[in-house]
Amino acid sequence: MAEDEKFEATLQNILDQKTLKWIFCGTQELEGKTTTSCSLAIQLAQVRESVLLISTDPAHNLSDAFGQKFSKDATKVNGFENLYAMEIDPTSAIQEMVEQSDSNGMMGSMMQDLAFAIPGVDEAMSFAEIMKHVKSMEYSVIVFDTAPTGHTLRFLSFPTVLEKALGKLSSLGSRFGPMITQMSSMMGGEPGSQEDMFAKLESMRAVITEVNSQFKDPEKTTFVCVCISEFLSLYETERLVQELTAYEIDTHNIVVNQLLFPNKSSNCEFCTVRHKMQQKYLTEAHELYDEFFHIVQLPLLTEEVRGPEKLKEFSTMLVEPYMPSQD
């Protein structure tokens, strides 16, 4: 990062980095993560050919944010020509995969039990199905509105988990495949169904390996941390930054949401006290991250940011530093 960009309090650096393919936005609940990811996607749509916004958060707030129903299929967002959105439930992907590969019920149950016997493989396989689905799409950049911090870290560790799980499942398949085939035939099942299952698992390996390498490439992937100016949120952000660094995932942008900027003439004691507290933790954030991070400050508004027009208006604050009123 250039010296003159170091303290720029915007996300303009993300818009300028044309090589980015994957952008994650993550935080705890109720800290403006979805509003930030939607706003960033809107700004990216102005400089990229096509943008896909994906929610992997079970809460699925994209529909609420835009006032439009989204599903697991990419849908054009109303009011935009090149912005699409989709909401995926990661926990359902593994069940769909088993059901699709099952021909008689019993075989699918056996393979599901086998897959679930390895801790974390169900979520890892769900991740693989999502990424295979997404990789088949042609979008200039993909923005992830991720689940809260703990789920996000698990999500980003899935490629490693899946690599290990596939190795174990392949080993089990080679050792127990003939026995499963014999049992299946004796019970009237299709002899080749378990081979199809293992083949599908193996086919994920190439996709996951490629995606994993892209996630660790700072030219293609970055993570935007979203927080509020409070102790626990700042602590959680520091933990997230450390975990992302351990996973070798680039992160150099922090969005601080819901900041109070009371007017000088205000007699609101609560506003004044809250503002002082926020400024204290904002100062700590700058001391921690100023050297390596763009820290974007966003205000607490008097109304909800919902619908395409309000999101468009709000999104400008990601690229133009917010200037509070001095009245």
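Scoring rules and cut-offs
- Residues numbered from 1 in each chain as written.
- Predicted model: local features only at pLDDT ≥ 70, side-chain atom pairs only at ≥ 80, totals over all residues.
- Heavy atoms only, no water.
- Helix = DSSP H or I, 4+ residues; strand = E, 2+ residues; numbered from the N terminus.
- Buried < 20%, exposed > 50% of the residue type's maximum accessible area, 1.4 Å probe, protein only.
- UniProt positions renumbered as here; feature names shortened; annotations may be inferred.
- Contact = heavy atoms within 4.5 Å.
- Pairing = 2+ DSSP bridges.
- Phe/Tyr/Trp six-rings, centres within 6.5 Å; stacked < 30°, edge-to-face > 60°.
- Salt bridge = Lys/Arg side-chain N within 4 Å of Asp/Glu carboxyl O.

### Some details on unusual backbone geometry
Point 1. Notably, glutamate 248 is not glycine yet its phi reads approximately 65 degrees, a positive angle.
Point 2. Even without being a glycine, glutamine 258 presents a positive backbone phi close to 60 degrees.
Point 3. Relative to the helices and strands, glutamine 258 resides in strand β7 (residues 253-259).
Point 4. Judged by relative accessible area, which is 29%, glutamine 258 ranks as partly exposed.

### Points about the UniProt feature "binding site: Zn(2+)" (unreviewed entry) in the chain
Point 1. Following the UniProt record, one finds the feature "binding site: Zn(2+)" (unreviewed entry) at Cys268 and Cys271.
Point 2. The partly exposed category is assigned to cysteine 268, whose relative accessible area is 28%.
Point 3. Examined against the element boundaries, cysteine 271 turns out to sit in helix α10 (residues 269-289).
Point 4. Using a relative accessible area of 19% as the deciding quantity, one classes cysteine 271 as buried.
Point 5. Once you skip the residues sitting within four places of it in the chain, cysteine 271 turns out to touch Leu260 and Pro262.

### Here we look at the pairing of strand β2 (residues 51-55)
Point 1. Buried residues dominate β2, accounting for five of its five residues.
Point 2. The two faces of β2 match: Val51, Leu53 and Ser55 on one face and Leu52 and Ile54 on the other face are all buried.
Point 3. In this sheet, strand β4 (residues 83-87) lies alongside β2 in parallel orientation, the contact comprising five bridges. The residue bridging isoleucine 54 from the neighbouring strand is methionine 86, located in β4.

### What about the packing of aromatic side chains?
Point 1. Taken as a whole, this structure holds 12 aromatic pairs when the rule is applied.
Point 2. Plain terms: the ring middles of phenylalanine 66 and phenylalanine 80 are 6.4 Å apart, the flat faces sit at 85 degrees to each other, and that makes the pair edge-to-face. A residue pair is termed long-range when its members are at least 10 positions apart, and phenylalanine 66 in helix α3 (residues 62-66) and phenylalanine 80 in the loop between β3 (75-76) and β4 qualify at 14 residues. The pair formed by phenylalanine 66 and phenylalanine 80 is uniform in burial state, with each residue classed as buried.
Point 3. Through successive ring pairs, a cluster of aromatic residues spans Trp22, Phe24, Phe144, Phe215 and Phe223.

### What to know about the pattern of salt bridges
It is possible for side chains bearing opposite charge to pair when their charged atoms get close.
Point 1. Within this structure, the stated rule accounts for seven salt bridges.
Point 2. A salt bridge links lysine 216 to glutamate 248, with the shortest nitrogen-to-oxygen separation between them at 3.9 Å. Within this pair, whereas lysine 216 is found in the loop between α8 (193-215) and β6 (221-228), its partner glutamate 248 is found in the loop between α9 (231-246) and β7, the two being separated by 32 residues in sequence.
Point 3. Glutamate 248 gets classed as exposed once you look at its relative accessible area, which sits at 51%.
Point 4. The partner of glutamate 303 in a salt bridge is lysine 310, with the nearest N and O atoms 3.6 Å apart.
Point 5. On the basis of relative accessible area, lysine 310 is assigned to the partly exposed category, the value being 35%.

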